[in-house]
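# Observations on the model geometry
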Amino acid sequence: MHPYPFTYHRPTSIDDALTMLGEFGDSGKLLAGGHSLLPVMKLRLAQPEHLIDISGLAGLSGVRLDGDVVGIGALTTHHQLATDAILETSAGLLPEIARVVGDQQVRNRGTFGGALAHADPAADYPAGVLALNAEIVARGPNGERTIPIDDFFVDFLTSALEPDEILTSIRIPALAANTGYRYEKLQNPASGYAIVGVAAVVTLTADGKISAARVGVTGAGDMAYRPQAVENALVGSTPNEDSVKAAAESAVDGIELLSDIHAPADYRARVTKNLVRRAVLKAVERAGV
Ligand SMILES: Cc1cc2nc3c(=O)[nH]c(=O)nc-3n(C[C@H](O)[C@H](O)[C@H](O)COP(=O)(O)OP(=O)(O)OC[C@H]3O[C@@H](n4cnc5c(N)ncnc54)[C@H](O)[C@@H]3O)c2cc1C
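These notes cover the structure that comes with them. If you're wondering where the values come from, they're calculated on a predicted model, not measured in any experiment.

### Quick look at the layout of surface pockets
- By volume, the second largest pocket amounts to about 280 Å³.
- Lining the second largest pocket are 14 residues, and of these Arg64, Gly71, Ile72, Gly73 and Ser169 sit closest to its centre.
- Within the residue set of the lining of the second largest pocket, elements represented by two or more residues are strand 4 (63-66), strand 5 (69-73) and strand 10 (166-173).
- Looking at the lining of the second largest pocket residue by residue, the classes come out as four nonpolar, seven polar and three charged.

### Re the packing of aromatic side chains
- Throughout the structure, instances matching the rule amount to two aromatic pairs.
- Taking 4.8 Å as the distance between ring centres and 70 degrees as the angle between the ring planes, the aromatic pair formed by phenylalanine 112 and tyrosine 125 counts as edge-to-face. Here phenylalanine 112 is found in helix 7 (residues 112-118), whereas its partner tyrosine 125 is found in helix 8 (residues 125-131), with 13 residues between them in sequence.
- By relative accessible area, tyrosine 125 is classed as buried at 2%.

### So, the sheet that holds strand 6 (residues 135-140)
- With antiparallel pairing, five strands are arranged side by side in an open sheet as 4-5-10-6-7. The sheet is open, and its two borders are formed by strand 4 and strand 7 (143-148), each paired with just one other strand. Averaged over all neighbouring strand pairs, the angle between strand axes comes to 25 degrees, with direction disregarded.
- Relative to strand 5, strand 4 is paired through four bridges, and the arrangement is antiparallel.

Here is what the cut-offs are and how they apply
Residues numbered from 1 in each chain as written. Predicted model: local features only at pLDDT ≥ 70, side-chain atom pairs only at ≥ 80, totals over all residues. Heavy atoms only, no water. 1 Å grid on protein atoms, 1.4 Å probe; cavity = no way out; pocket = protein on both sides within 12 Å on 5 of 7 lines; lining within 4 Å. Points joined across faces, edges and corners; volume = space filled by probe spheres on them. Helix = DSSP H or I, 4+ residues; strand = E, 2+ residues; numbered from the N terminus. Nonpolar A, V, L, I, M, F, W, Y, C, P; charged D, E, K, R; others polar. Phe/Tyr/Trp six-rings, centres within 6.5 Å; stacked < 30°, edge-to-face > 60°. Buried < 20%, exposed > 50% of the residue type's maximum accessible area, 1.4 Å probe, protein only. Pairing = 2+ DSSP bridges. Axes fitted to C-alpha atoms, helices over the stretch in contact; angles between N-to-C directions.

See below:
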């Protein structure tokens, strides 16, 4: 199907794009890689009158290590994330996730910032950024602000970004010593999206106890979340198959699970618990104490 007619704009700077966003209001939409927005426009689920193409803007792409924080530009593509050397050593969970996003065409065009702004409940990165304790940097008419990742995903396809803001970068603390990570995904064989995806980041003490654990779950509910009961059960424990399996039992506590043509809720519950168990055990193994 063809989208409704729209006017295409190509701003030359972030300020220029912000001015357009302010001018067009609800009838304007940012366009980055286009791999989520254009499909919904073609299905006529979205009908912006103005597309503001930020894909050519300078300074919004690439990965930089600044002390012990990794900064990633919003326009960095999935392919760049999958192959970046800084990320591989400082936040290897992200390349691991990027490699299982869609297919090569999607990875070449789609952007990290676009994926997070879209806040699709079946997208992969939300699990990872929750587990990595990321911060989102956004610019709007009143300047720049930073949003902790725990406050970023607020509902189905809804993030904490205001309509007149641009997500400019994502900041991630570099992984500490003795920290392991893992992304486990049950993939929809048709689309590649996550029916459920689980990211885990685990730090061990010298005597093999878990000193910190963050887990992110995507695909299971309306939005990505951290199963904090799982994290609480893990911290302080000496992990083994049984203790991690017991902790994973709380993975869907308090969550209203999605039930759709891809998977009913009870199946999603079982998959989520299993993937949490697997992701945590692999993260522990990789923490390598
Ligand atoms: C066939 C196919 C398979 C896919 N498989 C997967 C998969 O397995 N896993 C997965 O996670 N995703 C998958 N995707 C989605 C893909 O990862 C998209 O690239 C991503 O979700 C959106 O990024 P984008 O740059 O394409 O954003 P766009 O489509 O350009 O924009 C998406 C939304 O975000 C807004 N936006 C974009 N950039 C910004 C910004 N900087 N600041 C504020 N708002 C912004 C736009 O206005 C729009 O509302 C798939 C897509 C396709 C077409």
